[in-house]
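Inside the fold
One-letter residues, chain by chain:
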Amino acid sequence: MAGGWSLGRTTPAQPQPQPRPQAELAAADVLRAVVAAATACAAVIHFAYAPTHFDENTVHGAFFAAVGWAQLLLAGALAFKAPPARVWLAVAVALNSAVVVVWLVSRTVGVPGESTAEPAGFPDVLATILQVVAVAGASALLLGWTAAQRVERRPTLGAAAAGAALAMLLVSASIAPSFAGGHTHGEDGHAHGDDHGADGHGHGDEELAAAAHEHDEDDPDHHDGDDGHGDDHDDDHDDHDDDGHDDHDDDGHDDHGDDDHDDHGNTRRRGLQNH
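All values reported here derive from a predicted model rather than from experimental measurement. (Residues numbered from 1 in each chain as written. Predicted model: local features only at pLDDT ≥ 70, side-chain atom pairs only at ≥ 80, totals over all residues. Heavy atoms only, no water.)

**Some words on the pattern of salt bridges**
- Applying the stated rule across the entire model yields 4 salt bridges.
- One salt bridge in this structure joins Glu24 and Arg150, with 3.5 Å as the shortest N-O distance. One end of the pair, Glu24, is in strand S1 (residues 24-26); the other, Arg150, is in strand S2 (residues 150-152), and 126 residues separate them in sequence.
- The exposure class of Glu24 is partly exposed, given its relative accessible area of 33%.
- Take Arg150: its relative accessible area is 43%, and that puts it in the partly exposed class.
- Close ionic contact of Asp124 with Arg107 constitutes a salt bridge, the shortest N to O distance being 3.5 Å. Here the residue Asp124 occupies a position in helix H4 (residues 122-143), and Arg107 occupies one in helix H3 (residues 85-108), the gap between them amounting to 17 residues. Just as Asp124 is buried, Arg107 falls in that class too.
- Members of the salt-bridge network, linked through shared partners, are Arg107, Glu118 and Asp124. (Salt bridge = Lys/Arg side-chain N within 4 Å of Asp/Glu carboxyl O. Helix = DSSP H or I, 4+ residues; strand = E, 2+ residues; numbered from the N terminus. Buried < 20%, exposed > 50% of the residue type's maximum accessible area, 1.4 Å probe, protein only.)

The structure is reproduced here in structure tokens:
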């Protein structure tokens, strides 16, 4: 309007867009979780076989228990991002690398106190693989290879779930006696079981034979049954032969002698009468 004041129109405020859920994850966080999970799985295997090693050697058992506790604590620190983060990553590299080196020595030249190298088994190979994964992941984090990288959230979580399920399945199988066969001493234990079974079988046969022998000695009629039967049969046969022959010979001889004697007597009487 001319000569008047003009009022400007106010534009209504537009609603601010709500922040969308984050569609990506930091690759460093994902890798840190992998290192923690691998270290925890290795700790479970070491805990599972610590009692067996305690029975064989106290030092070996203490080593397994100590490694298990150290790996379990380390996995928790990594999972919860305990500060200082880089120190925990360095510990992960050092601890897992040391355990891998000890395993390699025990399978090649043998550890102190052992005369020969131990055979590799499924549980210890699995634990070594998990520790190698942990060392590789912690080293990558320390070197900053994944600092600026991001990964898709949904496929990453799916892969993480599948990997966790596979890890739990393998670890469960590794600590099952029927599948694992007794850790690194599985072959020795199996061979010992076979030897024991064979010895037990042999002792069982010897005991059965000894029991049968004692039974035969305690029951002489059992042994003498056939002999007694044979003796009775032979005696009957001998009696039959002796009686038959004796009766025949004696009767025949006696009858013949009597006849001769009678004839001789009659002849003599006739001679006396004629005389």
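Once the structure has been displayed, the description carries forward.
**Comments concerning the packing of aromatic side chains**
- Counted under the stated rule, the structure contains 2 aromatic pairs.
- Ring plane angle 80° and centroid distance 5.1 Å describe the contact between Phe47 and Trp69, whose orientation is recorded as edge-to-face. Separated by 22 residues along the polypeptide, Phe47 in helix H1 (residues 27-56) and Trp69 in helix H2 (residues 58-79) bring together distant segments of the chain.
- Classification of Trp69 as exposed rests on a relative accessible area of 52%.
- When the ring of Phe63 is compared with that of Phe64, the centres are 6.1 Å apart and the planes differ by 75°; the resulting orientation is edge-to-face.
- Phe64 sits in the buried class, given a relative accessible area of 13%. (Phe/Tyr/Trp six-rings, centres within 6.5 Å; stacked < 30°, edge-to-face > 60°.)

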